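Each chain is listed here by its residues.
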2 protein chains.
Amino acid sequence: MPLNHIRIVLVQPSHGGNIGGCARAMKNMGLTRLVLVAPEDFPGEEASARAAGADDVLAQALLYATLDEAIADCHLVIGASARDRHIAWPRLTPDAAARRMVSATAGQEVAVLFGRERTGLTNEEMELCKALVHIPTNPEYSSLNVAAAVQVLCYEVRMAFLASSEDRPLKTKTAKEDMPATTDQMEGMYEHLYQTMEDIKFFGTSNPDVIMRRLKGLFNRAQTTKREVAPPWIPPGYPPVTGWLRWEKCPGSRQGRRL
Amino acid sequence: MPLNHIRIVLVQPSHGGNIGGCARAMKNMGLTRLVLVAPEDFPGEEASARAAGADDVLAQALLYATLDEAIADCHLVIGASARDRHIAWPRLTPDAAARRMVSATAGQEVAVLFGRERTGLTNEEMELCKALVHIPTNPEYSSLNVAAAVQVLCYEVRMAFLASSEDRPLKTKTAKEDMPATTDQMEGMYEHLYQTMEDIKFFGTSNPDVIMRRLKGLFNRAQTTKREVAPPWIPPGYPPVTGWLRWEKCPGSRQGRRL
């Protein structure tokens, strides 16, 4: 079932009622994987009350202390964004985002991130995303409740799912190496990239954060694959940079590349 | 502003909280005209609390004792339906319904009806609709909260509105007579039709309700115009049937036709 590969991630939600509302919205549209990052008020009565018949979704919810852990194994991460961002991150409409998510479920793990009720996602959290999704709202009253935002997104996911089951092309097998890199793999590469750029004194007087953000934007737009993050033609152990490829647990696979 | 021609009609809502949630969902998407038919719990604290910053929508809400009054002047009425109906009423997806609604706003009054929390709209209320809209939900958990349903519909209306303002064709002026008939005009015709069929003993041993429902379905699908409901070539006063054309207030305009 494709929808099982999509998780809804709430980052530091403060109201239990909103968590319950999200669970109900998800279940209405056939999604069941709720992930909570450092929730302030969960479990609790408010969450259960608003969930109505969706308490099974609440009961199965996974809790993590950090967002990194919550999406480490995800190939496609999309962040919900109400505000305009400085950097040119790809911004999708909800229907386009949903189509991309549903077609990714043929073999990939997908996450949609929803930020804090008041402040949304931080820039650092946005940088973990391959794209942003923006729900168009009335500019004079744009504060969409998080459960309402989850409702709209999950509705579009269901529409995309129904459309795709009508005319899904024969599934073509993608080689493991040509799958999009997971968040963990991307982060490992960024760490290496940053270290290398510092080693060669690339940053000079520029702000490293700004440069890294632009680079991450580029790699995210490109839907970087595992093969590209860790090309097989680079000999193991070259170059010997600390922190590189922490996603590969076995020591023999430590690889690196100049970018 | 096209969205001003769309009203959201809640039929006998029982929970004030849901009314507030609907107001917020509407305002988020740029809709402001809320109509309440015989609400059980309004105005009240629950409604205001859930409305958050949308209390202006609540304050402007119009209250009616009956649905007929609430939509008497509407050209396009669409009913939200969770259940499958026996009769073949046109059933639209939310995006198709929204496109139709937004294109109708060039001169027409539009209403979307949402039924009671537990039982939805009655068959008689459905028969006032030119089409039904169905939000596809998880068949195993399909009970969409009314505020959530309003959120999804209003979101699709906004998407359709944004798309139409990008590529709206030059507005073509429709003659008043070629506009779709209003609910009131349609009801006047049905009343006449029923009376005539009874006069000619058309029903025989059949159930008149079933036959009328099928006929209404046909006229609704056809998007019947005012000209068709009250053709100008029929002399005033012919045939002299009581109750016919109660939509025309001036006595000189009493017209009729055999169907």
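Given the structure is predicted, the values throughout are model-derived calculations rather than measurements.

Novice: Please set out the overall build of chain A residue by residue, giving values where relevant.
Specialist: Looking only at helices and strands, chain A has 10 helices and 7 strands in total. Across the 259 residues that make up chain A, the buried fraction comes to 44%. Relative to all contacts within chain A whose residues are 6 or more apart in sequence, the contacts with residues 24 or more apart total 82%.

Novice: Which residues make up the nonpolar core, and what values go with them?
Specialist: Judged by nonpolar contacts, the single largest core of 130 residues is most densely connected at Val9 and Val157 of chain A together with Val9 and Val157 of chain B. Excluding its chain neighbours within four sequence positions, the residues that come into contact with Val9 of chain A are Val35, Val37, Ala70, Ile71, Ala111, Val112, Leu113 and Phe114 of chain A.

Novice: Give me the lowdown on the packing of helix α1 (residues 16-28) of chain A against helix α7 (residues 146-166) of chain A, citing residues and values where you can.
Specialist: All names here are of chain A. Where α1 contacts α7, the two axes come as close as 8 Å, and the packing angle between them is 15°. With respect to α7, the element α1 is oriented roughly parallel. Both α1 and α7 take part in a crossing whose hand is right-handed. Note on element contacts: α7 touches α1 through Val146, Ala147, Val150, Gln151 and Cys154, opposite Asn18, Gly21, Cys22, Ala25 and Met26. Of the residues that constitute the contact of α1 with α7, the class distribution is 7 nonpolar, 3 polar and no charged.

Novice: Which residues make up the relation of the copies chain B and chain A, and what are the values?
Specialist: Under the fitted operation, chain B is carried onto chain A by 0.0 Å of movement along the axis and a turn of 180°, and the coordinates agree to an RMSD of 0.1 Å. Expressed as an axis order, the relation between the two copies is that of a two-fold axis. Taking the C-alpha atom as reference, chain B places Val152 of chain B closest to the rotation axis, 3.0 Å from it. The share of interface residues of chain B whose copies in chain A are also at the interface is 100%, consistent with both copies meeting through the same surface.

Novice: Would you mind going over the sheet that holds strand β1 (residues 6-11) of chain A in detail, with residue names and values included?
Specialist: Residue and element names in this part refer to chain A. Across the sheet, which stays open at both edges, the 7 strands sit in the order β3-β2-β1-β6-β4-β7-β5 with parallel pairing between neighbours. Only two strands of the sheet have a single neighbouring strand rather than two, namely β3 (62-64) and β5 (91-92). Across 5 bridges, β1 lies against strand β6 (residues 110-114) in parallel orientation. Looking at β6, one finds that Val9 is bridged to Leu113.

Novice: Go over the sheet that holds strand β3 (residues 62-64) of chain B, please, and point to the residues and values.
Specialist: Residue and element names in this part refer to chain B. Within the open sheet, the 7 strands sit side by side as β3-β2-β1-β6-β4-β7-β5. Their pairing is parallel. On the outer flanks of this sheet lie β3 and β5 (91-92), each paired with one strand and no other. Judged from the 3 bridges that link them, strand β2 (residues 33-37) and β3 form a sheet pairing that is parallel. By the bridge assignment for β3, Val37 is matched with Tyr64. Along the sheet, helix α5 (residues 94-104) contacts β1 (6-11), β4 (76-80), β5, β6 (110-114) and β7 (131-133); its crossing angle with β4, the most-contacted strand, is approximately 160°.

Novice: Give a detailed account of the interface of chain B and chain A, specifying residues and quantitative values.
Specialist: Every contact between the two is made by 22 residues of chain B and, on the other side, 22 residues of chain A. Secondary-structure elements contributing two or more residues to the side of chain B that touches chain A are α1 (16-28) and α7 (146-166) of chain B. The leading source of residues in the side of chain B that touches chain A is α7 of chain B, at 7 residues. Among the residues making up the side of chain B that touches chain A, the classes are represented as 11 nonpolar, 8 polar and 3 charged.

Novice: Please give an account of the domain arrangement of chain A that cites residues and values.
Specialist: Residues and elements named next belong to chain A. On domain assignment, one finds that chain A holds domain 1 (2-166) and domain 2 (176-253). In this complex, domain 1 contributes 18 residues to the contact, which on the side of domain 2 involves 12 residues. Taken together, the residues of the side of domain 1 that touches domain 2 sort by class into 12 nonpolar, 3 polar and 3 charged.

Novice: Tell me about the pairing of β6 of chain A, and name the residues and values.
Specialist: Residue and element names in this part refer to chain A. The buried count for β6 comes to 5 of 5 residues, which makes it a mostly enclosed element. By the alternation rule, side chains of β6 split into Val110, Val112 and Phe114 and Ala111 and Leu113, which are all buried. Across 4 bridges, strand β4 (residues 76-80) lies against β6 in parallel orientation. Within β6, the residue paired with Leu76 across the bridge is Val110.

Novice: Give me the lowdown on the pairing of β1 of chain A, citing residues and values where you can.
Specialist: Residue and element names in this part refer to chain A. Burial of β1 is extensive: 6 of the 6 residues sit out of reach of the surface. Side-chain alternation along β1 places Ile6, Ile8 and Leu10 on one buried face and Arg7, Val9 and Val11 on a second face that is also buried. With 5 bridges connecting them, β1 and strand β2 (residues 33-37) associate as parallel partners. Its bridge partner being in β2, Ile8 is matched across the sheet by Leu34. What joins β1 to β2 is α1, and the crossover it makes is right-handed.

Novice: Explain the environment of Glu109 of chain B to me, using residue names and the numbers behind them.
Specialist: All names here are of chain B. Position of Glu109 among the secondary structure elements: in the loop between α5 and β6. Residues Glu109 and Asn4, spaced 105 residues apart in sequence, show a C-alpha to C-alpha distance of 9.0 Å. Leave out the neighbours within four places in its chain, and Glu109 touches His5, Asp73, Cys74 and His75.

Conventions and cut-offs
- Residues numbered from 1 in each chain as written.
- Chains lettered and ligands numbered in written order.
- Predicted model: local features only at pLDDT ≥ 70, side-chain atom pairs only at ≥ 80, totals over all residues.
- Helix = DSSP H or I, 4+ residues; strand = E, 2+ residues; numbered from the N terminus.
- Buried ≥ 20, exposed ≤ 12 C-beta atoms within 10 Å, placed from the backbone.
- Contact = placed C-beta atoms within 7 Å.
- Core = buried A, V, L, I, M, F, W, Y, C linked by C-beta atoms within 7 Å.
- Axes fitted to C-alpha atoms, helices over the stretch in contact; angles between N-to-C directions.
- Parallel < 35°, antiparallel > 145°, perpendicular 65-115°, else oblique.
- Left-handed = near helix turned anticlockwise from the far one by under 90°.
- Nonpolar A, V, L, I, M, F, W, Y, C, P; charged D, E, K, R; others polar.
- Least-squares fit on C-alpha atoms with pLDDT ≥ 70 in both.
- Pairing = 2+ DSSP bridges.
- Domains from an automatic or database assignment.
- Right-handed = clockwise from strand over helix to strand, strands pointing away.

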